[in-house]
Amino acid sequence: MNARPKAPVWERRPRREGPGTLGSPRPVRDREVAPTGDPAHARLQKHLATLLAVLLLTAWSAAQAQGFAGLGTAAEGFAVPEPGRALAFPADHGAHPDYRIEWWYLTANLRDGDGRDYGIQWTLFRSALSPGEATGWQSPQAWMGHAAVTLPDDHRFAERFGRGGIGQAGVQARPFRAWIDEWALTSRAGPGQDALDRLRVTAGSPDFAYTLDLEAHGPLVFHGEDGYSVKSEAGQASHYYSQPFYRVSGTLDLPQGPVEVTGQAWLDHEWSSQPLAETQEGWDWFSLHLDDGSRLMGFRLRDTDGDHYTSATWISPVRQVETLSHGAFRAEPLETDRVAGRALPTRWRVRLPVRGIDVTVDAVNPDSWMGTRYPYWEGPVTVTGSHTGRGYLEMTGYE
Amino acid sequence: MPLLEIEHLAKAYVTGEERQPVLEDVDLVLDAGETLALTGESGSGKSTLLHLVGALDGFDAGEIRLAGTPLSGLDEAGRARLRLASIGLVFQQFNLVPSLTVAQNLALQARMAGRADPDWLAELGQRLGLSRFADRYPQQLSGGQQQRVAIGRALAARPPLLLADEPTGNLDETTSDRVLELMLELVDDTGAALFLVTHSRQLAGRLDRHLHLSRGRIA
Amino acid sequence: MNGVALATLLSHWRRHPLQLFTLITGLALATGLWTAVQAINAEARASYAEAEAQLAAGRQALLVARDGTIPVDQYVTLRRAGWRVSPVLEGEVEYNGAAVTLLGIDPLTSPLARHLAPTDGEAGLDPLAARRTLFAGPATAERIRSAGTGLQVVVRDAVAPGTAIADIGLAETLLDRPGTLSHLVVLSAQPRGRPPLDAVAPGLTRIEASGAHDARRLTRSFHLNLTALGLLSFAVGLFIVQGTVGLAFEQRRGMFRTLRAIGLPARRLLAIALAELLALALLGGALGIALGYAIAAALVPDVAATLRGLYGAAVDIGLALRPGWIAAGLGMALLGTLLAAAQGLWRLRRLPVLATARAEAATRSNATTLRFQALAGLASLGLAGSVIAGLDGLVAGFVFVAGLLLGAALLLPPALAGMLALGARLARGPVAQWAWADTREQLPGLSLALMALLLALAANIGVGTMVSSFKQTFTGWLDQRLVSELYVTAETDAQGQAIHDWLEPRVDAVLPIRHADTRIDGRPAAIYGIVDHETYRRHWPLLASAPRVWDRVATAEGALINEQFARRAGLAPGDALPLAPGWRLPVVGVYSDYGNPDRQVIVALDALLERFPGVANRQFGVRVAPDRVETLAAGLRDRFGLPARSVIDQAAVKAHSLAIFDKTFLVTGALNVLTLGVAGFAILTSLLTLWTMRLPRLAPLWALGLTRPRLAAMELLRSVALAGLTFLLALPLGLSLAWALLAIINVEAFGWRLPMFLFPGDWLTLGALALLAAALAAALPAWRLYRTPPAELLEVFADER
Ligand SMILES: Nc1ncnc2c1ncn2[C@@H]1O[C@H](COP(=O)(O)OP(=O)(O)OP(=O)(O)O)[C@@H](O)[C@H]1O
Ligand SMILES: [Mg+2]
């Protein structure tokens, strides 16, 4: 109905590619950013304020909400992603405190010796109240970590919050290390390797823990134009790249005992200063490792007018990257389950006709609900049909 | 059918160990509209008989029937209902409610019985000479005036039977005569039967019948 | 029929407005005092509940540093080792001369943050001010705003009074303590495989959550006290109701009979009488609730002061009309009325239609009633005695007091009857004899009022003796304990050291006052460190001690504890006392420590510093010749720029302590006076209602030749004599009550036992007051008698039958 985004600003932004990336025509819908006085916009602000309230105290959240009124303006002081800014590593693996939001997002599909499927998630979010960094409690940076382990019949998750400036949480580029409390994503890369080529990830909670080693067997993948990923007709964009080629091995520590696992993982790193458009109520995002060696990332952005915008990146078995614009990727719900009191699609038909892909995507565990302060659905999936494989699905904005 | 029938009525008071028979075998019939005077020595049981007829007290043997209804078969509430609807009581003590005005006292029984007729009440007040005192309280009236209020109250609901126990016992002779005169007049007009206990043989002579109670029996 | 009958019943009140007034007033007073106490208790409890929800102090385990402050790095180290803890920086800020506890928290991790969440319509706070925001309760917020700090203040009812919550980044700036923390809150749900605390942060100590809610526990006895006083007031009020209702039933016997004779069934009459009573009870109850609200509103500030002063429970008691205590008040009014009318209703049920003088006489036997009262009274006293002999504890204490009061009240009429009989025997002359006999005959009508007076007087004597004894003890104790001529408070430890060094050569002795707040056995306790000085050896008020007590304290071989600690923990000299992990000392002495709710321990300063190196060093007692105090104080203020309140002389401290003391018992005193007032009113109303019945008794005397003035004077005298006799009986009762309060209830409630002092002067005043009240109460009827026209007296004869 109205433009209330159900997803918190903290969650992963859809990997929505700018229409200009492949020179394809813009989507026909000509949306404008509503002025501040627009009721829908006011609701959006209020909603965001409420979402952030718990995290950042009343006043802070209010400040944040106020800030969105003049989003991306010079007065706010936040840096805005710019085309042609070449990403430089290892520096750009680290945090970008001048941008409002940023995340490092790792998902892995794992299997134990008995052939049981597991999924894990490890995410570190950063949000800035104002640009820049300061030491101690005066820092404007706030951090949030999510970790989860998903089995076909079990789903466990934990979350952490932390302040910037004091060392409780952060991401440093050299040597690469992303951490919040004792959770960490640490580089173990040797000389000459990219920092993200070899990683160790750890997380724990009262009822689960994991330590996994990741080894990349492919290069970083840059979305959009060399990692400049346009997000809307209004010109909003992010810097965005992925490492989708990890092989994983390690140990899950579960209530029933430790489990040795191996599998594949996908890491995203994205930063921006801009939120969702106000008519977008949520998204469905897929990252699939297909058994033929190719990778597919695709999402559909659900609009309140029923016209869902889609976008995708296809990576061939020989690492060729193809960015696909609106309409090339299609995803339709086939079945829904009641999860956390709402109807969520847990079986999908996913198609990418230009690559002959027509598959059914099933949730490994329909109950992969992340009941964190900002709840959403995130869990492993299996792929059958024209192609087979595994992957991860994220769904937000269902109420 | 007679209004009141009393058959073999017996009543004794028990105080402590002692049993004192008062009424031993009383038979009596009173027709509607009839007036009856009962005389007897002091302590002969006149008041007791009147109380029994008025369903104010229970008896030991025999039966009293009021308009065919045997009193022995009634419970406390039934007897109260009977009194309210069918019996007017005038006692030696005036038994007025001190916190109600004359007018309110006059209308009390009629109102409680749900039979208050303003015209009749006004006429009663007028004929009993109480109009002037309507808003006074009983204490502000003389004895004769108070007794007139009591008579009015007893007749306000037009009961078929009026029981009066020495209504003028407290009054001087002249007043007494006037009050009795009024009472007889009103009884006549309303067609009520009258059962009057009195010491005055002269007064007794003026009624339809005159009975004498002695040694627990009607002579 | 019902309507007419009810109207007839009610017509009585129109003719006797004074009686109605008395009844309603009695009910309103009883309900009012009770409701006031209930309201105060309910509000105080609600405010504890809020306070508990607010700061959740004691509900989570804490990590504290042995040396007082925790560096932020240590917090981060713990966090990165997997310890889920949340930082707190606590300090005091002064706004408009009043100290506000500033709590700096990290909203991302603090369990308190959820209480600060925004309400609807608050989204538009000024973003520039957003990070300079304090969250405080309404009163505190107002105070901060009025101080004009330029900080944004947001009102959150959940924040405890006198406290402000801010982001830790703002707090460290305001407190000027960057990079430090006061303690860490251990959050629930710790991850697996976390290293032990010692391995990560060796300097920190874990303090386990305390089981009980301290404020609730500590103040329970205070509220029980209030409740007992409220019940007493209620009982006194009920005496009035009983008296008037009984009289109203008595006076309406004729009416009831007439109604019955006319044809109103007995049950119906009973139901209507009940309905009438309930209506009156509702009316009186409603008025009582309004009255109670007013009384509560007047007393609430003092209650809050008491709770703060006596128990350290910071409460902001507002007063709200809560359905709970309104319902309770009305319920009490209804119940009380029914109780008071029980006798009347019982008699009404059995009322014969036909009245004979004989039947009437049989129902009342003065002698039987008196005998019954005497027996019941003795039984009640016996119960009280056996309870106190067999049980202890607060409840036993109250049962004892209740039994004592009830028994004494019941014994009053037989006792008075005995005294009057004696008087009659000794009297000379017919008039005097008649007066004694007549007074005795009047007793049943007056006895309820006199019982009320007895209870009120006894309560007054008892509570008065308790408070005065307490005050005398307290004053003496203050004199003994406050020996230092000057007390200095520095702003920082560094300044403290400087002041110490500056004072050292100028005065006889500088006695540091340093303590660590900790928990012993999970209960809050303060450990004070002292230096060895003759000031302590000579003056410190010890209640019990082991040999060489001060030597052993000085050499860190023993600890002193305060009386409340000793009583609550059952400790005596010789017992071992665990002070901290790995630190035990034998108790070598117990000292009295009035007015302090908490457990306290005294050890040698060196020993304290060894375990708690960081304890603040900001307070000193200074021993100096009295004539140099003023110059020294001025010098201190000048040299160190200390505010006036930081340099206080002995007299000021004493005055302050006594002021707190007085506040503490203000509520008790107020309720006491109110109860006495109610009792006075009870006598007045009894005499007034009896008046109508008195006339027939007085008329014959008048006819026999006694003048009206003489009769009036006798009436007055009689009332005063009864009050005087009652007072004589109230005296021993009151003293027993005082004993129970001092020796049983206070020990349970506060943890200290006080010696009992007698204050005959106060008794005289109270006795005079009682006589005056009785005289005043009798004055109106006497005056009416004096003015009664002869006609009215004559009428008595006319009516006599
Ligand atoms: N309630 C009572 N209990 C015991 N004895 C009673 C009671 N009422 C009346 N009596 C006795 O019963 C007898 C009859 O009394 P009652 O009042 O009927 O006499 P009475 O004929 O009306 O006399 P009087 O002309 O004097 O009014 C008397 O001896 C009296 O003492
Ligand atoms: Mg008679």
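Residues numbered from 1 in each chain as written. Chains lettered and ligands numbered in written order. Predicted model: local features only at pLDDT ≥ 70, side-chain atom pairs only at ≥ 80, totals over all residues. Heavy atoms only, no water.

Asker: Honestly, the overall build of chain B in this entry has me stumped. Any pointers?
Answerer: The secondary structure content of chain B amounts to 7 helices and 10 strands. Scored against the burial criterion, the 219 residues of chain B give a buried share of 55%. Total accessible area on chain B stands at roughly 9,500 Å², and carbon and sulfur atoms take up 44% of it. (Helix = DSSP H or I, 4+ residues; strand = E, 2+ residues; numbered from the N terminus. Buried < 20%, exposed > 50% of the residue type's maximum accessible area, 1.4 Å probe, protein only. Areas by Shrake-Rupley, 256 points an atom, 1.4 Å probe, with all protein chains shown as cover.)

Asker: What's the story with the overall build of chain C in this structure? I'm lost.
Answerer: Counting its regular elements, chain C contains 26 helices and 20 strands. Expressed as a percentage of its 801 residues, the buried residues of chain C come to 52%. For chain C, long-range pairs separated by at least 24 residues make up 81% of all intrachain contacts whose partners lie at least 6 apart in sequence. In the form shown here, chain C has an accessible surface area of approximately 33,500 Å², with 61% of it arising from carbon and sulfur atoms. (Contact = heavy atoms within 4.5 Å.)

Asker: Would you explain the confidence of the model for chain C in this entry?
Answerer: Any region with low pLDDT has predicted coordinates that should not be read closely. Residues and elements named next belong to chain C. When pLDDT is averaged along chain C, the result is 78, and 83% of the positions lie at 70 or above. Looking at the elements of chain C, mean pLDDT is at its lowest for helix H4 (residues 127-130), recorded as 40, and at its highest for helix H3 (residues 72-80), recorded as 93. This model gives residues 54-58 a pLDDT under 50, and the stretch forms 15 contacts once residues within four places in sequence are excluded. Considering only residues more than four positions removed or in separate chains, one finds that residues 123-129, a stretch of pLDDT under 50, has 14 contacts. Our summary of model confidence lists the complex with pTM equal to 0.55 and ipTM equal to 0.89. (pLDDT = per-residue confidence, 0-100.)

Asker: Help me understand the pairing of strand S9 (residues 183-186) of chain C, please; the structure alone is not making it clear to me.
Answerer: The two faces of the sheet receive side chains in turn, since in a regular strand these alternate between them. All names here are of chain C. Covered by surrounding structure in S9 are His-183 and Val-185 together with Leu-184 and Val-186, the residues of both alternating faces. With 3 bridges connecting them, strand S1 (residues 62-65) and S9 associate as antiparallel partners. The residue bridging Val-64 from the neighbouring strand is His-183, located in S9. The pairing of strand S3 (residues 85-95) with S9 spans 4 bridges and is antiparallel. (Pairing = 2+ DSSP bridges.)

Asker: Which parts of the structure should I look at to understand the pattern of salt bridges?
Answerer: Close approach of charged atoms allows side chains of opposite charge to pair. This structure, assessed with the given rule, holds 40 salt bridges over all chains. Close ionic contact of Asp-207 of chain A with Arg-156 of chain A constitutes a salt bridge, the shortest N to O distance being 2.9 Å. You can see Asp-207 of chain A sitting in the loop between strand S8 (198-204) and strand S9 (209-216) and its partner Arg-156 of chain A sitting in strand S4 (residues 154-163), a full 51 residues away along the chain. Residue Asp-207 of chain A is classed as partly exposed on the basis of its relative accessible area of 29%. The structure contains a network of salt bridges with shared partners spanning Arg-160, Asp-181 and Glu-182 of chain A together with Arg-79 of chain C. (Salt bridge = Lys/Arg side-chain N within 4 Å of Asp/Glu carboxyl O.)

Asker: So what exactly am I meant to see when it comes to the interface of chain C and chain B here?
Answerer: How big an interface is tends to be expressed through the accessible area that disappears when the partners come together. Contacts between the two partners involve 20 residues from chain C, matched on the other side by 23 residues from chain B. Together chain C and chain B conceal approximately 2,000 Å² of surface at their shared face, both sides included; 65% is due to carbon and sulfur atoms. Where chain C touches chain B, the interface holds 1 salt bridge. Its salt-bridge partner being Glu-76 of chain B, residue Arg-260 of chain C comes within 3.1 Å of it at the nearest N-O pair. Taken together, chain C and chain B are joined by 8 residue pairs in polar contact (both at pLDDT 80 or more). Taken together, the elements giving at least two residues each to the side of chain C that touches chain B come down to helix H1 (2-15) and helix H9 (253-262) of chain C. Of the residues forming the side of chain C that touches chain B, the biggest block, 7 residues, is contributed by H1 of chain C. When the residues that make up the side of chain C that touches chain B are grouped by side-chain class, the tally is 12 nonpolar, 5 polar and 3 charged. (Buried area = accessible area lost by both parts, 1.4 Å probe. Polar contact = N/O pair within 3.5 Å; in protein donor to acceptor, adjacent residues only side chain to side chain. Nonpolar A, V, L, I, M, F, W, Y, C, P; charged D, E, K, R; others polar.)

Asker: Just to check I follow, could you spell out the sheet that holds strand S6 (residues 87-90) of chain B for this structure?
Answerer: All names here are of chain B. One open sheet holds the 6 strands; their spatial order is S6-S7-S8-S3-S9-S10, and the pairing between them is mixed. Both edges of this open sheet fall to S6 and strand S10 (217-218), since each of them pairs with a single strand only. In this sheet, S10 lies alongside strand S9 (residues 209-214) in antiparallel orientation, the contact comprising 2 bridges. Pairing of Leu-213 across the sheet is with Ile-218, part of S10.

Asker: Hey, could you run me through helix H25 (residues 760-787) of chain C in this one?
Answerer: Because each turn of an α-helix spans 3.6 residues, side chains separated by three or four positions end up pointing in the same direction. All names here are of chain C. Taking 1.5 Å of rise per residue, 28 residues should cover 40 Å, and H25 covers 40 Å from first to last C-alpha, within 8% of that figure. Where H25 bends most, at Ala-779, the angle is about 35 degrees, and the proline Pro-781 comes one to four residues later. Three or more residues of H25 are buried, namely Trp-763, Leu-766, Gly-767, Ala-770, Ala-774, Ala-777, Ala-778, Pro-781, Ala-782 and Leu-785. (Expected span 1.5 Å × (residues − 1). Bend = angle between axes of the 7 residues up to and from the residue.)

Asker: So what exactly am I meant to see when it comes to the sheet that holds strand S1 (residues 4-15) of chain B here?
Answerer: Where strands meet in a sheet, backbone hydrogen bonds hold them as pairs that are either parallel or antiparallel. Residues and elements named next belong to chain B. One open sheet accounts for 4 strands, arranged S2-S1-S4-S5; its pairing is antiparallel. If you trace the sheet from one side to the other, it starts and ends with strand S2 (18-30) and strand S5 (69-70), each paired once. One ladder, built from 9 bridges, connects S1 with S2; its direction is antiparallel. Pairing of Glu-5 across the sheet is with Val-29, part of S2.

Asker: When you look at the site of ligand 1 in this model, what are you seeing that I'm missing?
Answerer: Taken together, the neighbourhood of ligand 1 is formed by 14 residues, with Ser-42, Gly-43, Lys-46, Ser-47 and Thr-48 of chain B sitting nearest. Bordering ligand 1 are residues originating from chains B and C. At 2.9 Å from an oxygen atom of ligand 1 is found a side-chain nitrogen or oxygen belonging to Gln-20 of chain B. Within the complex, 73% of the 630 Å² of free accessible area of ligand 1 lies under protein. (Near = heavy atom within 4 Å.)

Asker: I would appreciate a short explanation of the packing of helix H3 (residues 102-112) of chain B against helix H5 (residues 143-156) of chain B in the present structure.
Answerer: Packed helices, taken two at a time, are described by the angle their axes make and the gap between the axes. All names here are of chain B. Put simply, H3 and H5 touch, their axes get as near as 6 Å, and they point 30 degrees apart. Accordingly, the angle class assigned to the pair H3 and H5 is roughly parallel. The hand of the H3/H5 crossing is right-handed. Here H3 contributes Val-102, Asn-105, Leu-106, Leu-108, Gln-109 and Ala-110 to the contact with H5, which in turn contributes Val-149, Gly-152, Arg-153, Ala-154 and Ala-156. Across the contact of H3 with H5, the residue classes tally to 7 nonpolar, 3 polar and 1 charged. (Axes fitted to C-alpha atoms, helices over the stretch in contact; angles between N-to-C directions. Parallel < 35°, antiparallel > 145°, perpendicular 65-115°, else oblique. Left-handed = near helix turned anticlockwise from the far one by under 90°.)

Asker: Just to check I follow, could you spell out the packing of aromatic side chains for this structure?
Answerer: The description of an aromatic ring pair uses the distance of the two centres, along with the angle that the planes make with each other. Applying the stated criterion to the full structure yields 16 aromatic pairs over all chains. With centroids separated by 6.0 Å and ring planes inclined at 80 degrees, the aromatic side chains of Phe-400 of chain C and Trp-739 of chain C adopt a geometry described as edge-to-face. Of this pair, Phe-400 of chain C sits in helix H14 (residues 394-426) while Trp-739 of chain C sits in helix H24 (residues 708-750), placing them 339 residues apart in sequence. With relative accessibility at 8%, the residue Phe-400 of chain C sits in the buried group. Taken together, the aromatic side chains of Phe-89, Phe-222, Tyr-241 and Trp-271 of chain A make up a single cluster linked through ring pairs. Against the face of Tyr-137 of chain B rests Arg-15 of chain C, its NZ or CZ located 3.7 Å from the ring centre. (Phe/Tyr/Trp six-rings, centres within 6.5 Å; stacked < 30°, edge-to-face > 60°. Lys NZ or Arg CZ within 6 Å of the ring centre and 35° of its normal.)

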